[in-house]
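One letter stands for each residue in the lines below.
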Amino acid sequence: MRDSIRPWLLLAALALAGCDASDAPAAAAARNDAFDQHCISCHGPDARGIDNLGVDLVASDFVRKSSEAALVEFLKLGRLADDPGTRSGQLMPGFGWVAEGELVSLAAFLKSLHDGG
Ligand code: HEC
């Protein structure tokens with residue numbers, strides 16, 4: 001009986017992936033499912049940020065200087081709008097409810113945006 005759940009989940013995942021793919025610009029290099037699911041609405045399909053929603057993560061010194069482990073911890077907490085280290089004065093929500101494995105994958109993805117620079 002348990003096995004009958006899995007094909008359903010796979011189909012749902014494929015359907016979601018299909019939706020995101022249609023929004024993605026052809027030039028987008030790397031993709032990450034968790035990013036598309038949780039982050040794209042504010043940071044954009046290419047992680048370049050969206051005005052008044054989320055900052056550019058490719059040109060982010062914070063991402064460049066932070067270790068993957070530090071990024072996982074950051075993602076769990078987010079950053080309050082009145083944090084002394086704020087970039088935009090807007091809230092970065094915490095993602096402590098997201099599975100650790102997905103956060104690790106997200107942190108690796110963010111670091112990969114900075115390969116070679
Ligand atoms: C509701 C909108 C929103 C969502 C969803 C969101 N973010 Fe953010 N994020 C922001 C904002 C706004 C900031 C800038 C905060 C500031 O001004 O310091 C930010 C900042 C960041 C930073 C720090 C960048 C820097 O240079 O300081 C990282 C890293 C980041 N987000 C990653 C993510 C990831 C990964 C996800 C998905 C799990 C995500 N964000 C989802 C709005 C969002």
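Our structure's up above, just so we're on the same page.
Reading the values: the criteria
- Residue positions are given per chain, counted from 1 along the sequence in the order it is written.
- A pLDDT threshold of at least 70 governs which residues receive local features in this predicted model, and a stricter bar of 80 or more applies before side-chain atom pairs are shown or counted, although totals over entire chains, interfaces and linings include all residues.
- Every angle, taken between N-to-C directions, lies between 0 and 180 degrees, and every axis is a line fitted to C-alpha atoms, over only the stretch in contact when it is a helix.
- Counting from the N terminus, the helices are DSSP H or I runs at least four residues long and the strands are E runs at least two residues long.
- In what follows, roughly perpendicular refers to angles from 65 to 115 degrees, roughly parallel to angles under 35, roughly antiparallel to angles over 145, and oblique to any angle outside these ranges.
- Take the far helix as the reference: if the near one is turned anticlockwise from it by less than a right angle, the crossing is left-handed, and if turned clockwise, right-handed.
- A pair of residues counts as a contact when their C-beta atoms, built from backbone coordinates, are within 7 Å of each other.
- Each residue gets one label: Ala, Val, Leu, Ile, Met, Phe, Trp, Tyr, Cys and Pro are nonpolar, Asp, Glu, Lys and Arg are charged, and the others, such as Gly, are polar.
- Working definition: the nonpolar core is a set of buried Ala, Val, Leu, Ile, Met, Phe, Trp, Tyr and Cys residues, joined through C-beta atoms within 7 Å.
- Between the buried cut of 20 or more and the exposed cut of 12 or fewer other C-beta atoms within 10 Å of a residue's own C-beta lies the partly exposed class, and all C-beta atoms are placed from the backbone.

Asks: Requested: an account of the packing of helix 5 (residues 68-77) against helix 6 (residues 100-112), with residues and values cited.
Replies: Look at helix 5 against helix 6: their axes get within 9 Å of each other, and the N-to-C directions meet at 120°. As far as their axial angle goes, helix 6 and helix 5 are oblique. Relative to helix 6, helix 5 is oriented so that their crossing is right-handed. Mapping the contact onto sequence places Glu-68, Leu-71, Val-72, Leu-75 and Lys-76 in helix 5 and Leu-103, Val-104, Leu-106, Ala-107, Ala-108, Leu-110 and Lys-111 in helix 6. Split by residue class, the contact of helix 5 with helix 6 holds nine nonpolar, no polar and three charged.

Asks: So, the environment of Leu-53: which residues are in play, and what are the values?
Replies: Looking at the element boundaries, Leu-53 is found in the loop between helix 3 (40-43) and helix 4 (61-65). Residues Leu-53 and Cys-42 lie eleven residues apart in sequence; the distance between their C-alpha atoms is 4.9 Å.

Asks: Which residues make up the nonpolar core, and what are the values?
Replies: Counting 14 residues, the largest nonpolar core has Leu-75, Leu-106, Ala-107 and Leu-110 as its most contacted members. Secondary structure elements with two or more residues in this core: helix 5 and helix 6. The element best represented in this core is helix 6, accounting for five residues. Here Leu-75 is in contact with Phe-95, Leu-103, Leu-106 and Ala-107, once residues within four sequence places are set aside.

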